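# Structural description and commentary
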Amino acid sequence: MPATYGLIDGNSFYCSAERAFAPGLRRVPLIVLSNNDGCAIARSAEAKALGVRMGDPWHLIRHRPGMDSVHWQSSNYPLYADMSRRFYQVVAGMVPRVEPYSIDEFFLDLDLPGDLHALCTALRAEVLRVAKIPTCLGWGPTKTIAKLANHLAKRHPELGGLCDLRSPELRAAWYARLSVGEVWGIGGRTAEKLRRLGVGTIADFVALDARDARDLLTVVGARVQLELRGVSCLPLAMMAAPRQGAAVTRSFGRPVTRWAEMREAVAAFAHRAAEKLRAEGLVAGHLTVFLHTNPHNGDPWHSGQRAARIEPTADSGALIGEALRLLRSLWQPGYRYAKAGVMLNDLRPEAGQPRMLFPTRDPVRSARVMAAMDAVNARHSAGTLRPLATGLARPWAARAARLSPRYTTRLEEILVARAW
DNA sequence: TCTGGGGTCCTAGGACCC
DNA sequence: TCTGGGGTCCTAGGACCC
């Protein structure tokens, strides 16, 4: 187990990714909106200074004073995924043991010889130079402390983007000043529960009797407490754990009221989920479909969810068929549906699946058809070939009014971008 | 008019089974 | 008066994370 864990993450990662290819965005307050151009999910420092908060619905705050200087972008996940890959390559080139934690964060084993401060400074500079992503880096004896150190590096610019929490004395000083809700794994609900019991700071929480921590917050909270005390419970996992599920869920660009539209949307979600499975060589033995109306706008509420065990498969047609069968039992006309989704679970490797005694389709033929479709879509672009059930016009598709070009993965979009 | 998507883990009651 | 226990699966929801 490493003696020192590090955490490096990108500052306002999606904003930084947008700015990497659009110098004109570098000096303006910038936000990136969630799917459907809904909420602010990334804000540049300038946008934060203007009071845009994480998760603010843009349509509710855009008319506030000062907001007209804020530039917004639709989210562009292929771009961010590619920027993340570049970020990772730089990090992995300088640190031997790296755990990808999220699209913009990596845990590091910093149990390395030499001047740690100098290494971390060089790492940040190299990520900025090569991947064009500004970062912060924190480190300490456990992952939870590294996460806290990273949080401090971000919150306190005077630290120069770096924060070393290896010293117990330094940690104690910060613990006394910081709210327990700032700890990784202690969310708003838990922080409020603790506050009502007189546990306000991290120092209060660390001083809590271990049995009380466990009784109050289960094993999860007990582990957080141990980690904050400097006892490492969370190892570095360089290999990603096998995924347990694959979900495709979307808010619609406008309310869906017609069965034909809902059927097409759910078929498209099932097809996309099937593509995710095939990309990883997995099949699913369990499928869930859900739908619901808008919980925010006063529309009559209706929601439903239905699941079924299925013959393990990654075949788009088979999964669409199962999804639509479940959807039919959920559909109630007369409602304005805002969102639906398909979730696949009980995933396992396709290879080595036992042969069904009475298969309902020819598995060899299915695999050939899917492989051919995936190959065409990889060579041309996603959605070039797809099951007809997923619809042509797609009136339910999410809004994305200001999508940046996929600078790093689509040559034709760069050419369009240059013509701007 | 417009309020994200995709994960993980945990809990709880009811149905059903042996 | 006393009315089993343990397992799985289902639906639903809560909490947390990015």
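Keep in mind that what you see is a predicted model, and the values were worked out from it rather than measured. (Residues numbered from 1 in each chain as written. Chains lettered and ligands numbered in written order. Predicted model: local features only at pLDDT ≥ 70, side-chain atom pairs only at ≥ 80, totals over all residues. Heavy atoms only, no water.)

The strands that make up a sheet pair up through hydrogen bonds in the backbone, lying either parallel or antiparallel. Taking strand neighbours across the sheet as the criterion, the three strands line up as β3-β2-β4 in an open arrangement whose pairing is mixed. A single partner strand is all that each edge strand has here, and the edge strands are β3 (40-43) and β4 (71-74). For this sheet the average axis-to-axis angle between neighbouring strands, irrespective of direction, equals 30 degrees. As defined by bridge partners, strand β2 (residues 30-33) adjoins β3 across three bridges and the pair is classed as antiparallel. Within β3, the residue paired with Val 32 across the bridge is Ala 42. Running over the sheet, helix α1 (residues 13-21) touches β2, β3 and β4 and is turned about 110 degrees from β2. (Pairing = 2+ DSSP bridges. Helix = DSSP H or I, 4+ residues; strand = E, 2+ residues; numbered from the N terminus. Axes fitted to C-alpha atoms, helices over the stretch in contact; angles between N-to-C directions. Contact = heavy atoms within 4.5 Å.)

Another aspect to go through is the protein's contact with DNA strand B. Near DNA strand B, the surroundings consist of 24 residues, among which Arg 243, Gln 244, Ala 247, Thr 249 and Ser 251 are the closest. Taking the atoms of DNA strand B that fall within 4 Å of the protein, sugar and phosphate contribute 65% of them. Here a phosphate oxygen of DNA strand B and a side-chain polar atom of Arg 243 are 2.6 Å apart. Between DNA strand B and Arg 399, the relevant distance is 3.4 Å, taken from a sugar or linking oxygen to a side-chain nitrogen or oxygen of the residue. In terms of residues, the surface near DNA strand B owes the most to one element, strand β9 (residues 245-256), which gives seven residues. Taken together, the residues that form the surface near DNA strand B break down as eight nonpolar, eleven polar and five charged. (Near = heavy atom within 4 Å. Polar contact = N/O pair within 3.5 Å; in protein donor to acceptor, adjacent residues only side chain to side chain. Nonpolar A, V, L, I, M, F, W, Y, C, P; charged D, E, K, R; others polar.)

UniProt's entry tags residues 5-187 with the feature "domain: UmuC" (unreviewed entry), counted in the numbering of this structure. Helix makes up 41% of residues 5-187 and strand makes up 20%, while its end C-alpha atoms are separated by 22 Å. (UniProt positions renumbered as here; feature names shortened; annotations may be inferred.)

Once that is clear, we can look at the packing of α1 against helix α4 (residues 77-94). At a minimum axis distance of 10 Å, the contact between α1 and α4 shows a crossing angle of 90 degrees. Comparing their axes, α4 and α1 come out roughly perpendicular. Where α1 abuts α4, its residues Phe 13, Tyr 14, Ala 17, Glu 18, Ala 20 and Phe 21 lie against Tyr 77, Leu 79, Tyr 80, Met 83, Ser 84 and Phe 87. Here the residues of the contact of α1 with α4 sort into ten nonpolar, one polar and one charged. (Parallel < 35°, antiparallel > 145°, perpendicular 65-115°, else oblique.)

Here we come to the domain arrangement of chain A. With domains assigned, chain A is organised as domain 1 (5-162), domain 2 (182-229) and domain 3 (246-390). The C-alpha-based centres of domain 2 and domain 3 are spaced at 40 Å. (Domains from an automatic or database assignment.)

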